[in-house]
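# Descriptive analysis of the structure
Single-letter residue listing:
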Amino acid sequence: MQLSTVRPVPVTFPDSAAPDVPIEAQLRFDASLPYAACLAFPLTPCRCTGDTARVCWYFSRELLNEGRLTPVGSGDVQVRPGPAGEVLITLRGPVGRAVVSAPEELVTAFLSDSFTLVPAGSESEHLDLDRALARLLDAG
């Protein structure tokens, strides 16, 4: 049984110095984290990171779903519809913020894949609370 999905998505940074230069990011979903979506950006390969290193932003799958239609979010991640069939995702960190533009049809396809794996409203059935608690206790 498939437990995850990954969709390549070309994103741009409309507020940057090169607003039309796409970067091949990924939208990821894993059924073991049923409430979350991940937006993963590639890092420049080097000896210390390898060829597959990525920076990953995790946020609510429902936030991404609702943000396609109306502005949502009030913390580190905000999502809103953009012009010309885009979804705008604002990511805020300790040293700044970035606005990421993704094609709405690819975001919708990703969400469709994720809701096929874990239907809305059934997320709690996919949580492994014992494993999560064990990880927390091991980290302490």
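About the thresholds
Residues numbered from 1 in each chain as written. Predicted model: local features only at pLDDT ≥ 70, side-chain atom pairs only at ≥ 80, totals over all residues. Heavy atoms only, no water. Salt bridge = Lys/Arg side-chain N within 4 Å of Asp/Glu carboxyl O. Helix = DSSP H or I, 4+ residues; strand = E, 2+ residues; numbered from the N terminus. Buried < 20%, exposed > 50% of the residue type's maximum accessible area, 1.4 Å probe, protein only. Pairing = 2+ DSSP bridges. Axes fitted to C-alpha atoms, helices over the stretch in contact; angles between N-to-C directions. Contact = heavy atoms within 4.5 Å.

Here we take up the pattern of salt bridges. This model, assessed by the stated rule, comprises three salt bridges. The partner of Arg 97 in a salt bridge is Asp 15, and the shortest N-O contact between them spans 3.6 Å. One end of the pair, Arg 97, is in strand β7 (residues 96-103); the other, Asp 15, is in the loop between β1 (4-11) and β2 (23-30), and 82 residues separate them in sequence. On the basis of relative accessibility, which here comes to 48%, the residue Arg 97 falls in the partly exposed class. Here Arg 68 and Glu 104 are joined by a salt bridge, their closest N and O atoms 3.3 Å apart. Taken together, the positions of Arg 68 in the loop between α1 (61-67) and β5 (77-81) and Glu 104 in helix α2 (residues 104-117) put the pair 36 residues apart, joining distant regions of the chain. Since its relative accessible area comes to 18%, Arg 68 is described here as buried. Taking the relative accessible area as the measure of exposure, Glu 104 reaches 25% and is therefore partly exposed.

Here we have four strands laid out as an open sheet, ordered β1-β2-β3-β4, and antiparallel in their pairing. Sheet topology places β1 and β4 (54-60) at the edges, where each strand pairs with a single neighbour. When the angles between neighbouring strand axes are averaged without regard to direction, this sheet yields 25°. As judged from the seven bridges shared by strand β3 (residues 36-42) and β4, these two strands associate in the antiparallel manner. Following the sheet pairing, Ala 37 is matched in β4 by Phe 59. Packed on one face of the sheet, α2 meets β1, β2 and β3 and runs near 175° to β1.

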